[in-house]
Every structure is written in structure tokens, then in C-alpha cells.
Amino acid sequence: FMSTGTRTGKLATVRADGRPHVVPVWFVMDGDDVIFMTQIDSVKGKNIHRDPRLAISVDEETPPFSFVLIEGSATIMDVTYAEKLRWATQIGGRYMGDALAEVYGERNAHPSEMVVRVTPTKIVALKNLAD
């Protein structure tokens, strides 16, 4: 379900004052872990640096409607440029297609980007909600 098509994850992080911050992210799966990238100085990047707790919701927006909610902990991966390029290319290819994967990989493997691994602590999945 998580890897089907180009569904985005809706990522929720915790701001310094406790308020939630929710944004869509492109991601890929690595076993049970979710991998995504973000700018180091973005709101979500700063939130993750300060507090690794987060949640990601992925849903099917057409009937009969289904979703997966992952609560977990983020780890900012210590990667080489080649590893960052590999993740960026894989993520870019998922959302923009094989023909543009390398273009998006090179664009998103920038030093200002970080690779984040989400290790689930809780998973809730419901399918066919409208049935």
C-alpha cells in the first residue's frame, strides 16, 4: 500500500512550542522504514533535529478509501554524497518517473538536504472504509 503509485506521505512533526506541523513528503520504503529527504533548515528539518518524534499518514483518496498511519522516530542518516544521490534518485524516480529520476536525484542530493529514516513504533492500517 505504502509503495503503490505516487501517494505522498503527510508528515507531522512537533514545533518547538508543541504545535503540530504537517506537510506532504515524497518517500520510499526500506523494509518497514520510511525514507524521505528535506532541507536541513526547513521547518520539518529543524523540528526533526530538535525532536525526532513524528507521524506519517498515507491514504488512498478514492473509494473505498484506505490509509496507513505510522508513528515513529526519525534518524538523520549520516550518508556520503553517493548514498544521498542514490536515495534522491530513487525517490525522484518514484514520483517523476524513470526518465527524470537522475535529474531529480542530482537536484535533491544537494548539501542542504538531509536523508531521514523513520523507524515505526506504531502502525495503524485500515482499508475499505466506505464498504
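Residues numbered from 1 in each chain as written. Predicted model: local features only at pLDDT ≥ 70, side-chain atom pairs only at ≥ 80, totals over all residues. Heavy atoms only, no water.

1. A short note on the sheet that holds strand β3 (residues 27-30)
Here comes step 1: One open sheet accounts for seven strands, arranged β2-β1-β5-β6-β7-β4-β3; its pairing is antiparallel. Strands with a single pairing partner mark the edges of an open sheet, and in this sheet they are β2 (20-25) and β3. For this sheet, the mean angle separating the axes of adjacent strands, direction not counted, is 30°.
Here comes step 2: In the sheet, β3 pairs with strand β4 (residues 33-39) via four bridges, with the strands oriented antiparallel. Across the sheet, Val28 pairs through a bridge with Ile35, a residue of β4.
Here comes step 3: Where helix α2 (residues 81-96) meets the sheet, its contacts fall on β2, β3, β4 and β7 (113-126), and the angle it forms with β3 comes to roughly 115°. (Pairing = 2+ DSSP bridges. Helix = DSSP H or I, 4+ residues; strand = E, 2+ residues; numbered from the N terminus. Axes fitted to C-alpha atoms, helices over the stretch in contact; angles between N-to-C directions. Contact = heavy atoms within 4.5 Å.)

2. A look at the packing of aromatic side chains
Here comes step 1: Overall, the coordinates contain two aromatic pairs when judged by the stated rule.
Here comes step 2: Arranged with centres 4.9 Å apart and planes meeting at 10°, the rings of Trp26 and Tyr95 form a pair that is stacked. With a gap of 69 residues between them, Trp26 in the loop between β2 and β3 and Tyr95 in helix α2 connect regions that are remote in the sequence.
Here comes step 3: Here Trp26 falls in the partly exposed class, since its relative accessible area comes to 30%.
Here comes step 4: A centroid spacing of 5.9 Å and a plane angle of 50° characterise the contact between Trp26 and Tyr104, whose relative ring orientation is tilted. Of this pair, Trp26 sits in the loop between β2 and β3 while Tyr104 sits in helix α3 (residues 98-108); the two residues are 78 residues apart in sequence, bridging distant segments of the chain.
Here comes step 5: Of the aromatic side chains, those joined through ring pairs into one cluster are Trp26, Tyr95 and Tyr104.
Here comes step 6: The ring of Phe1 is capped by Arg7, whose NZ or CZ atom sits 4.0 Å from the centre of that ring.
Here comes step 7: In this structure, Arg86 packs its charged tip against the face of Trp87, placed 4.5 Å from the ring centre. (Phe/Tyr/Trp six-rings, centres within 6.5 Å; stacked < 30°, edge-to-face > 60°. Buried < 20%, exposed > 50% of the residue type's maximum accessible area, 1.4 Å probe, protein only. Lys NZ or Arg CZ within 6 Å of the ring centre and 35° of its normal.)

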